[in-house]
Amino acid sequence: MASRNLCSALSNLAFEYETPKIVTIRDVKIGIVYRLMQLGIIAYVVGFIGVFLTSYTILYTKGYQDKEHGQSTVLTKVKGISSSYNRKDIPEIYRKVWDPSDYIVPPLTPNSVFIITNLVITARQSLGKCPEHTVALGCKQQEIPLPTGKCRQAMSERPLAKSRQWSAERTTLTFCHKFSLWFSGQMTGNCVQVFNSTKTNFTCEIVSWCPLEDDTIINRFLEQPILDNAENFTVFFKNYVEFPYFGIKRRNLDAVTDNYAKGCLYNPETDPLCPIFRLGDIARLMGLKFTQLSSYGSVINVQIKWMCNLDFSIDGCIPEVKFSDMDDLGNTFSPGYNF
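Residues numbered from 1 in each chain as written. Predicted model: local features only at pLDDT ≥ 70, side-chain atom pairs only at ≥ 80, totals over all residues. Heavy atoms only, no water.

Under an unreviewed UniProt entry, the name given to the chain is ATP receptor, and the organism recorded is Romanomermis culicivorax. A UniProt comment under Subcellular location (unreviewed entry) is attached to the chain, and it reads "Endomembrane system". (UniProt positions renumbered as here; feature names shortened; annotations may be inferred.)

The structure is reproduced here in structure tokens:
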């Protein structure tokens, strides 16, 4: 019995055909209600989409606002004292007290501050002749006998050449007339002994500021730079910004009082408005140790960003400061500031 019912149901499903029956009612009231319902549904959908797009444009993207890029300028002042007076691991010429007049030099690029943290001192330089201290770029000496007879007499009467030194019986041929980018001055053509080295070590003589700088000494200052207290130096930023279209002028000092500025140091969490930045804290904010920056030097980007929404109080128009290290300290070739 059950199998027959199942077969009948499958047969009906396979071979039955249904069609809807449409009844047309001619009634004015029912027709008006029906069309009003259709218009209501369409109006609801269109209105919802319109409200959504309008809200997105006005509220989220703030399409009703005018925008302007501000005009800004920054003034800086560096303070701090470092002493290498009592250090015994450095030459005596480096032992002194360093103040801003010693470690602040004119910047090599605009809109920047240059602070010395490590240095090489070459004392008592004067313009003169001295050996090029790079022995690897030295010269060769080769003595060759002079020819005899008239030819010898003619050669001995020739004027001295830059690359030859003539004697009565022999001549010394040197190679100090070729130009090289690695030399520190203008070559004289003479091949001379290097300082107090053995007679087999010779280098070309140059005209330059002598004695030449010996920057190999910096290897002794990598773990502890000359200005080892530089991480406690502070930089004071005074930033002005103007939005001419809106007639708005602001400073990063507008929300800072004299008493507060005298004892604060910038901290993004506790003191975000403080205009005084400690160099060691700047390195920490970049995730670095200060010695990584002070040994070889580095190029640090300071970004002061003003995002002011003038729909609200002008007191909320304050800057956001970020620091980033522009250098790749892991690079073995010319790391840091090419010190």
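A.B. asks: Which residues make up the nonpolar core, and what values go with them?
C.D. replies: Counting 30 residues, the largest nonpolar core has Tyr94, Tyr103, Phe221, Ile226, Leu227 and Phe277 as its most contacted members. The set of elements that each furnish at least two residues to this core consists of strand S12 (234–243), strand S14 (276–278), helix H6 (279–285), helix H7 (290–294) and strand S16 (319–325). At 3 residues, the largest contribution of residues to this core is made by H6. Among residues more than four places away in sequence, those in contact with leucine 227 are Ser82, Trp98, Tyr103, Ile116, Thr117, Leu119 and Phe233. Membership of the second largest hydrophobic core comes to 11 residues, among which are Met187, Cys191, Cys210 and Leu212. (Core = buried A, V, L, I, M, F, W, Y, C linked by side-chain atoms within 4.5 Å. Buried < 20%, exposed > 50% of the residue type's maximum accessible area, 1.4 Å probe, protein only. Helix = DSSP H or I, 4+ residues; strand = E, 2+ residues; numbered from the N terminus. Contact = heavy atoms within 4.5 Å.)

A.B. asks: Give a detailed account of the state of the cysteines, specifying residues and quantitative values.
C.D. replies: Tallied over the entire structure, the rule returns 3 disulfides. Each sulfur in the disulfide pair cysteine 130 and cysteine 210 lies 2.0 Å from the other. Taking the sign of the torsion about the S-S bond as the criterion, the disulfide between cysteine 130 and cysteine 210, at about -75°, is left-handed. In this pair, cysteine 130 is assigned in strand S6 (residues 126–131) and cysteine 210 in strand S11 (residues 202–210), connecting sequence segments 80 residues apart. (Disulfide = S-S within 2.5 Å.)

A.B. asks: Lay out the environment of methionine 326 in plain terms, naming residues and giving numbers.
C.D. replies: Note on placement: methionine 326 falls in the segment after S16. For methionine 326, the contacting residues outside a window of four places in its chain are Val299, Ile300 and Asn301.

A.B. asks: Go over the packing of aromatic side chains, please, and point to the residues and values.
C.D. replies: Within this structure, the stated rule accounts for 5 aromatic pairs. When the centroid spacing of 4.2 Å and the interplanar angle of 15° are considered together, the rings of tyrosine 103 and phenylalanine 233 count as stacked. Note that tyrosine 103 is positioned in helix H3 (residues 100–103) and phenylalanine 233 in the loop between S11 and S12, a separation of 130 residues in sequence. Taken individually, tyrosine 103 and phenylalanine 233 each receive the classification buried, so the pair is uniform in this respect. (Phe/Tyr/Trp six-rings, centres within 6.5 Å; stacked < 30°, edge-to-face > 60°.)

A.B. asks: Go over unusual backbone geometry, please, and point to the residues and values.
C.D. replies: A cis geometry characterises the amide bond from cysteine 210 onward to proline 211, with omega recorded as -5°. Looking at the secondary structure, you find proline 211 in the loop between S11 and S12.

A.B. asks: A description of the environment of aspartate 99 should follow, citing residues and the corresponding values.
C.D. replies: Looking at where aspartate 99 falls in the secondary structure, it is placed in the loop between strand S3 (97–98) and H3. Taking C-alpha positions, aspartate 99 is 6.7 Å from serine 82, a pair spaced 17 residues apart along the chain. Those residues in contact with aspartate 99 that sit more than four places away from it in its chain are Gly80 and Ile81. A polar atom in the side chain of aspartate 99 sits 2.5 Å from the side chain of serine 101. (Polar contact = N/O pair within 3.5 Å; in protein donor to acceptor, adjacent residues only side chain to side chain.)

A.B. asks: Give me the pattern of salt bridges: which residues, what numbers.
C.D. replies: Tallied over the full model, the rule gives 8 salt bridges. A salt bridge links arginine 251 to aspartate 254; the nearest nitrogen and oxygen atoms lie 3.4 Å apart. On the accessibility criterion, aspartate 254 (37% relative accessible area) is partly exposed. Among the salt bridges present, the one from arginine 284 reaches aspartate 281, with a minimum N-O distance of 3.8 Å. You can see arginine 284 and its partner aspartate 281 sitting in helix H6, 3 residues apart, about one turn around the helix. Relative accessible area serves as the criterion here: at 47%, arginine 284 is assigned to the partly exposed category. Given the relative accessible area of 15%, aspartate 281 is considered buried. (Salt bridge = Lys/Arg side-chain N within 4 Å of Asp/Glu carboxyl O.)

A.B. asks: Explain the sheet that holds S11 to me, using residue names and the numbers behind them.
C.D. replies: Strand order in this open sheet of 3 strands is S6-S11-S10, and the pairing throughout is antiparallel. In the strand order of this sheet, the two ends are held by S6 and strand S10 (186–193), each with one partner. Looking at each pair of strands side by side, their axes are set apart by 30° on average, direction ignored. Across 6 bridges, S6 lies against S11 in antiparallel orientation. Of the residues in S11, the one forming a bridge with leucine 127 is tryptophan 209. (Pairing = 2+ DSSP bridges. Axes fitted to C-alpha atoms, helices over the stretch in contact; angles between N-to-C directions.)

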